[in-house]
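Close look at the chain arrangement
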Amino acid sequence: MSVTAVAFEWTDTNRLWLVENPIRIVIYVAVGLIARYVAHRVINRATRRPPAGSGEDGRKPALLRHLRDRSPKALRDPQVIERRQQRAETIGSVLKSTASILILVWVVLTCLSVLQVNIAPFLASAGLVGLAIGFGAQNLVKDFVSGVFMLLEDQYGVGDIVDLGEAVGEVETVGLRVTTVRDIDGTLWYVRNGEIIRVGNMSQDYAVARIEVPVAHNVDLERAQRVALEAAQDAVADDAVAKDVLGAPEMLGVQEISADMVTLRILIKTRPNAQWALQRRIRKQILEAYETNGIPMPYPTGREMGPSTLVKVGQGNE
């Protein structure tokens, strides 16, 4: 028998393993690569800005276009646009990784089936492992899911001042599992996303500077309100802070009456994160205006110590 005949007979006998199965595996791998490419392209189109000159919706990621109606003015802020672009790219990275893992698992299982490997034990083992991981990593999954929804809903971003319950301060990093917050004392808090029950964001769209001014009971309230309002108006007219002011100062009048004082309240609409500096500036301006106009503050020389207080102090010194 010639070599050609032997080779033909051997090839014909083992055609399934030498020809058909390799071709089928190559086809499945090619389908997997194409599916991965298409999935990544779709995700990129949804999470990245369209190219310049494309005329597609103002160069905003498709995934975030639905947020336009929620805060149209904020979307014109370059910092807000950049933050949302970063958020979209983070979500896109997670989606691409998930798509790649799912396609890889499908290709591997399909190739094993082509090779006539019984994949039932693999599926059963994967189910048991997944169940064990599900019980052991419930908090991790909860943190991950909460992080994804937090990014989608734009609850906060890097640079925002937030109140997360126990942690209040500036957001330094935003991850899918942990958010870090730096408080006013410099402490860095690591907060798991799954443990965040509520978020108070003080840096979205606009803020309100609330100034409460105490005055004595025996003052002319109308005059005190007028002087305080004029001082606040002079303070916000300064070029150093005018860019942070979004509205004129509004005197609400008497906010509270106590045995010691009467409290007046003024509100001013400001840019995000500018309210605290503006409050300090206006308080200083009002205090100077009251001193100039002879409007007394409660206890201008400090609280007087009564007999009972003196007795307690004397006992403490003994």
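First, a word on scope: everything that follows refers to the structure included in this document. As the structure is a prediction and not an experimental result, all values here were calculated from the model. (Residues numbered from 1 in each chain as written. Predicted model: local features only at pLDDT ≥ 70, side-chain atom pairs only at ≥ 80, totals over all residues. Heavy atoms only, no water.)

1. So, the packing of aromatic side chains
Enumeration according to the criterion identifies one aromatic pair in this entry. Measuring from ring centre to ring centre gives 6.0 Å for tyrosine 28 and tryptophan 106, while their planes differ by 90 degrees; the resulting arrangement is edge-to-face. Pair noted here: tyrosine 28 is in helix H2 (residues 15-47) and tryptophan 106 is in helix H3 (residues 78-114), with a separation of 78 residues, a long-range link. Overall, tyrosine 28 belongs to the partly exposed group, its relative accessible area being 24%. When the ring centre of tyrosine 206 is taken as reference, the NZ or CZ atom of lysine 269 above it lies at 4.2 Å. (Phe/Tyr/Trp six-rings, centres within 6.5 Å; stacked < 30°, edge-to-face > 60°. Helix = DSSP H or I, 4+ residues; strand = E, 2+ residues; numbered from the N terminus. Buried < 20%, exposed > 50% of the residue type's maximum accessible area, 1.4 Å probe, protein only. Lys NZ or Arg CZ within 6 Å of the ring centre and 35° of its normal.)

2. A few points about the pairing of strand S4 (residues 188-192)
As paired elements, strand S3 (residues 178-182) and S4 share five bridges and run antiparallel to each other. Counterpart to valine 178 in the pairing with S4 is arginine 192. With antiparallel pairing between neighbouring strands as the criterion, S3 and S4 make up a hairpin whose turn holds five residues, including glycine 186 at a positive phi of roughly 90 degrees. (Pairing = 2+ DSSP bridges.)

3. Some details on helix H8 (residues 275-293)
In an α-helix, one full turn covers 3.6 residues, which means residues spaced three or four apart are oriented alike. Taking 1.5 Å of rise per residue, the 19 residues of H8 would be expected to cover 27 Å, and the 26 Å separating its terminal C-alpha atoms lies within 8% of that figure. Within H8, burial applies to Gln275, Leu278, Gln279, Ile282, Ile286, Ala289 and Tyr290. Relative to the axis of H8, the buried residues are bounded by an arc of 100 degrees and lie together on one face. Structural note: H8 exposes Arg280, Lys284, Glu291 and Thr292 on the side pointing more than 90 degrees away from its buried face. At its buried positions, H8 is contacted by strand S6 (207-215), helix H6 (221-236), helix H7 (239-242) and strand S8 (262-270). Looking one or two residues beyond H8, the residue adopting positive phi is glycine 294, at roughly 70 degrees. (Expected span 1.5 Å × (residues − 1). Arc of directions from axis to C-beta. Contact = heavy atoms within 4.5 Å.)

In short, geometric facts, not functional conclusions.
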